[in-house]
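Listed below are the residues making up each chain.
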Amino acid sequence: MRGVVMYAPGDVRVEDREKPTILEPTDAIIRAAAVCVCGSDLWPYRGIEKLQGPTPMGHEYVGVVEEVGADVRNVEVGDFVVGSFVASDNTCEICQAGYQSRCVHNVMMGSVGTQAELIRVPLADGTLVRTPGMPDADLIPSLLAASDVLGTGWFAAVAAEAGPGKTVAVVGDGAVGLSAVLAAKQLGAERIIAMSRHADRQALAREFGATDIVEERGEAGIAKIKELTNGLGAHSVVEAVGTQQSMEQAIGATRPGGHIGYVGVTHDVKLDGLGLFFSGVHLHGGPAPVRRFLPELIQLIWDRKIDPGKVFDLSLPLEDAAEAYRAMDERNATKVLLTV
């Protein structure tokens, strides 16, 4: 089968990979309908994360079940399914508390590599959620978004306690940040401030529910948020980047007693303990427990109440994966869908 492999920073190839097989009785094999490139895939592409030799890439996926292990009960051959970027049993105490991404048996799907024609999904019963039927083609991008960026943005908004009467600020205008804007709107936030310098992303943020756009960054960005909130800061802030500047901006833009949902994969972020102490803010985040939200998100998409697939502004065949990575690295695309 064909799959994407990264050999070195900037060196992405599509080549023949070994066809996956059932290794454990809890596994399933799915034939991908669509996969995509994540912003976090750019960390190794840019050389910020080190590769340990040629690495199969990808962790987002939707498709049709082709084979199941002997112990799989919740999905059947022929089901169209959406899976989280973290495989989980969905039965351990951590999963039952709603943190499936930290399941005691979790498997990061990035270690499997889902940018491929066929995908082995461990812990299939706990990981995969089937759709009510075979989806129309135009729903597939949105269902794919649910596999990671929508679920991650949703978790960020929930962790930030976005809701009625709240002002929400979103730091980061990538696919996750834009999804957090959509989530905050669905959760009933009164005002949503998107921090963005890109006209196309600003337009989509407004379509998803943003009421204000702030282009300033750093101290100027913090000052602008406070200016818009009577000098207090936002009730809820989403940090969807993972850099020192974005985290400092998120903390500085949050009012005392406010909540920050941080989901940007952090790189060299260090917190000022005394500054955090006196900020009086709540920090909650980490790898999003997408599986917690999948049933609700799939139904919202199925009923056409939300259209998160709009974060995909470029679609390419799997064979053109190298171009997909380049487009996102050069900011010529927000997020690229790969057809399989």
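A brief look at the structure comes next.

Cut-offs applied
Residues numbered from 1 in each chain as written. Predicted model: local features only at pLDDT ≥ 70, side-chain atom pairs only at ≥ 80, totals over all residues. Heavy atoms only, no water. Pairing = 2+ DSSP bridges. Helix = DSSP H or I, 4+ residues; strand = E, 2+ residues; numbered from the N terminus. Contact = heavy atoms within 4.5 Å. Axes fitted to C-alpha atoms, helices over the stretch in contact; angles between N-to-C directions. Phe/Tyr/Trp six-rings, centres within 6.5 Å; stacked < 30°, edge-to-face > 60°. Buried < 20%, exposed > 50% of the residue type's maximum accessible area, 1.4 Å probe, protein only. Lys NZ or Arg CZ within 6 Å of the ring centre and 35° of its normal. Lys, Arg positive; Asp, Glu negative; His and termini not counted. Salt bridge = Lys/Arg side-chain N within 4 Å of Asp/Glu carboxyl O. Polar contact = N/O pair within 3.5 Å; in protein donor to acceptor, adjacent residues only side chain to side chain. 1 Å grid on protein atoms, 1.4 Å probe; cavity = no way out; pocket = protein on both sides within 12 Å on 5 of 7 lines; lining within 4 Å. Points joined across faces, edges and corners; volume = space filled by probe spheres on them.

Points about the pairing of strand β1 (residues 2-8)
Moving residue by residue along a regular strand, the side chains alternate between the two faces of the sheet.
Right, so step 1: Two elements, β1 and strand β2 (residues 11-16), share six bridges in a ladder whose sense is antiparallel. Bridge pairing in β2 places R2 opposite D16.
Right, so step 2: Joining the antiparallel neighbours β1 and β2 is a turn of two residues, in which G10 adopts a positive phi near 80 degrees.
Right, so step 3: Direction of pairing for β1 relative to strand β4 (residues 55-56): antiparallel, over a ladder of two bridges. Residue pairing for β4: M6 is matched across the bridge by T55.

A look at the sheet that holds β4
Right, so step 1: If you walk across this open sheet you meet the three strands as β2-β1-β4, and the pairing is antiparallel. Across the chains shown, the open sheet's two edge strands, defined by having one partner strand only, are β2 and β4.
Right, so step 2: Those strands touched by helix α12 (residues 321-329) are β1 and β2, and its axis lies near 155 degrees from that of β2.

Points about the sheet that holds strand β16 (residues 282-285)
Right, so step 1: Strands sit in the order β13-β12-β11-β14-β15-β16 across an open sheet of six strands; the sheet is parallel. Each edge of the sheet is formed by a strand with only one pairing partner; in this case those strands are β13 (212-214) and β16. Across this sheet, the average inter-strand angle for adjacent strands is 20 degrees, counted without regard to direction.
Right, so step 2: Pairing of strand β15 (residues 254-262) with β16 involves four bridges; the strand directions are parallel. When the sheet's bridge partners are listed, H259 is paired in β16 with H282.

Overview of the packing of aromatic side chains
Right, so step 1: Applying the stated rule across the entire model yields three aromatic pairs.
Right, so step 2: Each ring, one from Y99 and one from F155, has its centre 6.4 Å from the other, and the planes form 85 degrees; the classification is edge-to-face. Pair noted here: Y99 is in the loop between α2 (93-96) and β8 (107-108) and F155 is in helix α5 (residues 149-159), with a separation of 56 residues, a long-range link.
Right, so step 3: Looking at F155, the relative accessible area reads 2%, which means it is buried.
Right, so step 4: Residues F277 and F278 carry aromatic rings whose centres are separated by 5.1 Å and whose planes lie at 85 degrees to one another, so their mutual orientation is edge-to-face. Across the pair, exposure class does not vary: F277 and F278 are exposed alike.
Right, so step 5: Above the face of the Y7 ring, R13 is positioned so that its terminal group lies 3.7 Å from the ring centre.

Let's talk about the side chain of R17
Right, so step 1: Locating R17 in the fold gives a position in the loop between β2 and β3 (28-36).
Right, so step 2: E15 provides the closest opposite charge to the buried, salt-bridge-free R17, at an N-O distance of 7.0 Å.
Right, so step 3: At 3.2 Å, the side chain of R17 and the backbone oxygen of V112 are in polar contact.
Right, so step 4: Sequence-distant contacts of R17, defined by excluding residues within four places in its chain, comprise M1, G3, V4, V5, P56, V112, G113, Q115 and A116.

Notes on empty space enclosed by the protein
Right, so step 1: Across all of its chains, the model carries one cavity of 30 Å³ or more by this definition.
Right, so step 2: One number sums up the size of the largest cavity: a volume of about 30 Å³.
Right, so step 3: Forming the boundary of the largest cavity are V170, G172, D173, G177, L178, V181, A194, M195, S196 and A205.
Right, so step 4: At the level of elements, α6 (175-186) and β12 (191-195) are the ones that each hand at least two residues to the lining of the largest cavity.
Right, so step 5: Among the elements that make up the lining of the largest cavity, the one with the highest residue count is α6 (three residues).

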